[in-house]
Amino acid sequence: SEANVLSEVQTSTDEFWLTPDGNVPKGTIIRLASYKDGVQSSSVISRTYFVNEQGGYQPEMPIVSIIIEQESLFDHDTGIYVQGVNFDPDSPLWTGNYYQKGLEWERDAHVEYFDDTGEMEFAQDAGIRVHGGGTRRLPQKSLRLTARSEYGRKYFYHPMFEGRDCEKYRELLLKTSMASWRAETIINDAYASSVVEEMNLESLHQKPVAVYLNGEYWGIHYLSERISEKYLEYVHEVDEDSVDIIAGNYDLITIGSNSDYVEVLDYLEDKDVSEEDHFQYIKDRIDIDSYIDYQIAEIFLKNYDWPQNNIKLWQPKNSEGRWRWIFYDLDAAFGNPAYNMLVHATTKSGSEPKKSTFLFSELLRNQEFRDQFADRYRELLETELSAESLSDKLDEEISKITADLPEHIERWGSPLSMKEWYQNVESEIASFIEERGCLAE
């Protein structure tokens, strides 16, 4: 029944903003320190308490509570979550404080994680910044949480994700639920990631959580791993200082160098890959099995915002290291099941930069690659990509958020109603997986 405070602050342009429908659920924030003669004599202890009336909202998913100075998020000059001083009305979609990047736009915060039974699993200070691309303009934004020794602990110590053998994380993401293209489904990316979990590629584990910001309910987000050298260290047991990670179809260097991958593309420019010795050179530099699984996943699931975007690949820096691609950001997937992604993935003109389609197009000129690609596609259509498997995983993903979604809708007005959400999931995903497959003959 307490009045909203932070929830009433507009965090986007008028085009996207909706004021919450009534008072949002709240927890109680307590911050404690001891003082002697008016001088602080201890560190600050921060805690979140949830005391719910009978019949009140109780999340059925884990909770992430963030405690932070209000000005760090909403101050006109320094707040990372608002339009602020960096907003340009002549370019409203791509400007604002929330588009600023770098360590100088990271803010101190306190983070607590409660499991789905209400048990607090960890509590620590950390850095927080806005994360993502175009989603920064939306009212609910993605946030990056970073553990640093200067905040107290170098890692978040907890086994966050089922099926992932890791108990410490340097970085975690709280991904916005508003990122789905076209009709709002919320689950696009998380569902796509669950589909490819057993395939031979890197993908990000994630799960829905209820986020509270200074005690005010901030809606459903997806807690997710973040692609980095630390991620590769615990997934593949490689030294974090001995990897190359590149993005943007090779011209953006995240860590290490892109020189080895550029050599591969230069080689393809000059050699006929249909010949066995030249294809062998490529196989020595690229993990072809993984690359085929990656291409099939992106093509079958119809990731429209790919391959001209959302490309990251990596290799270990050793004599046997080969390039592998990382599957992420499928918010633009699904939709029209008849869309021809093979054409999309090989187009060399128009809006598709040549560098994004060159490798796949060239490899398709090799008969061995074509046969392996087709054989693997047939296999996957009968296993991970079968209608039965896809439907089972969809039901599982839906069940994770159904109970909490009504409160989220009241908070953000996106989607507009449970009825609309069910319709969106049906039209965008369920009908897609029913019609997308073909006979594997």
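Below is a summary of the structure that appears in this document. Values in this document were obtained by computation on a predicted structure and should not be read as measured data.

Rules behind the numbers
Residues numbered from 1 in each chain as written. Predicted model: local features only at pLDDT ≥ 70, side-chain atom pairs only at ≥ 80, totals over all residues. Heavy atoms only, no water. Helix = DSSP H or I, 4+ residues; strand = E, 2+ residues; numbered from the N terminus. Rg over C-alpha atoms; globule rule 2.2 N^0.38 Å. Buried < 20%, exposed > 50% of the residue type's maximum accessible area, 1.4 Å probe, protein only. Contact = heavy atoms within 4.5 Å. Pairing = 2+ DSSP bridges. Salt bridge = Lys/Arg side-chain N within 4 Å of Asp/Glu carboxyl O. Axes fitted to C-alpha atoms, helices over the stretch in contact; angles between N-to-C directions. Expected span 1.5 Å × (residues − 1). Patch = residues over 30% accessible without salt bridge, like charges linked within 9 Å, V, L, I, M, F, W, Y side chains within 5 Å. Areas by Shrake-Rupley, 256 points an atom, 1.4 Å probe, with all protein chains shown as cover.

Some thoughts on the overall build of the chain
Part 1 of the reasoning: Of regular secondary structure, the chain possesses 12 helices and 18 strands.
Part 2 of the reasoning: For the chain, the C-alpha radius of gyration of 23 Å lies close to 22 Å, the compact-globule estimate for 441 residues.
Part 3 of the reasoning: For the C-alpha atoms alone, the extent of the chain along its principal axes is close to 80 × 50 × 45 Å.
Part 4 of the reasoning: In the chain, which comprises 441 residues, the proportion classed as buried is 54%.
Part 5 of the reasoning: A fraction of 64% describes how many contacts in the chain between residues 6 or more apart in sequence connect residues 24 or more apart.

Considerations on the pairing of strand β15 (residues 243-247)
Part 1 of the reasoning: Along β15, five of the five residues are buried, which leaves the element largely enclosed by surrounding structure.
Part 2 of the reasoning: Side-chain alternation along β15 places V243, I245 and A247 on one buried face and D244 and I246 on a second face that is also buried.
Part 3 of the reasoning: The pairing of β15 with strand β17 (residues 312-316) spans five bridges and is classified as antiparallel. Within the sheet, the bridge partner assigned to I246 lies in β17 and is L313.
Part 4 of the reasoning: Two successive antiparallel strands, β15 and strand β16 (residues 252-255), enclose a turn made up of four residues, where G248 displays a positive phi of approximately 60°.

Side note on the pattern of salt bridges
Opposite charge on two side chains permits pairing when their charged atoms draw close.
Part 1 of the reasoning: In total, this model carries 23 salt bridges according to the counting rule given.
Part 2 of the reasoning: Between E69 and R31 there is a salt bridge; the shortest N-O distance is 3.8 Å. Placement of the pair is E69 in the loop between β5 (63-67) and α1 (70-74) and R31 in strand β1 (residues 28-32), with a sequence separation of 38 residues.
Part 3 of the reasoning: Residue classification places E69 among the partly exposed positions, given a relative accessible area of 48%.
Part 4 of the reasoning: Its salt-bridge partner being E276, residue K283 comes within 4.0 Å of it at the nearest N-O pair.
Part 5 of the reasoning: Residue classification places E276 among the partly exposed positions, given a relative accessible area of 43%.
Part 6 of the reasoning: In the salt-bridge network here, residues are joined through shared partners; they are E202, D287, R322 and R324.

Focus: the sheet that holds strand β13 (residues 206-213)
Part 1 of the reasoning: With mixed pairing, seven strands are arranged side by side around a closed barrel as β5-β6-β7-β8-β11-β14-β13. On average, each strand axis in the sheet is inclined to that of its neighbour by 40°, with strand direction left out of account.

Side note on helix α6 (residues 288-300)
Part 1 of the reasoning: In a regular helix each residue adds 1.5 Å, so 13 residues correspond to 18 Å; α6 covers 18 Å between its end C-alpha atoms and thus fits that length.
Part 2 of the reasoning: Across the 13 residues of α6, 12 count as buried, placing the element largely inside the fold.
Part 3 of the reasoning: Among the residues of α6, those classed as buried are I288, S290, Y291, I292, D293, Y294, Q295, I296, A297, E298, I299 and F300.
Part 4 of the reasoning: Directly after α6, the chain includes K302, whose backbone phi takes a positive value near 60°.

Digging into the side chain of T146
Part 1 of the reasoning: In this structure, T146 sits in strand β8 (residues 142-146).
Part 2 of the reasoning: Look past the residues within four positions of T146 in its chain and what remains in contact with it is E106, A126, G127, Y151, F156, R170 and E171.

A few points about a nonpolar patch on the surface
Part 1 of the reasoning: Together, I30, L32, I45, Y49 and V51 give the surface a local cluster of nonpolar side chains, amounting to about 490 Å² of exposed area.
Part 2 of the reasoning: Secondary structure elements with two or more residues in the nonpolar patch: β1 and β4 (45-49).
Part 3 of the reasoning: Tracing the backbone through its elements, the reader meets Y49 in strand β4.
Part 4 of the reasoning: Given the relative accessible area of 44%, Y49 is considered partly exposed.

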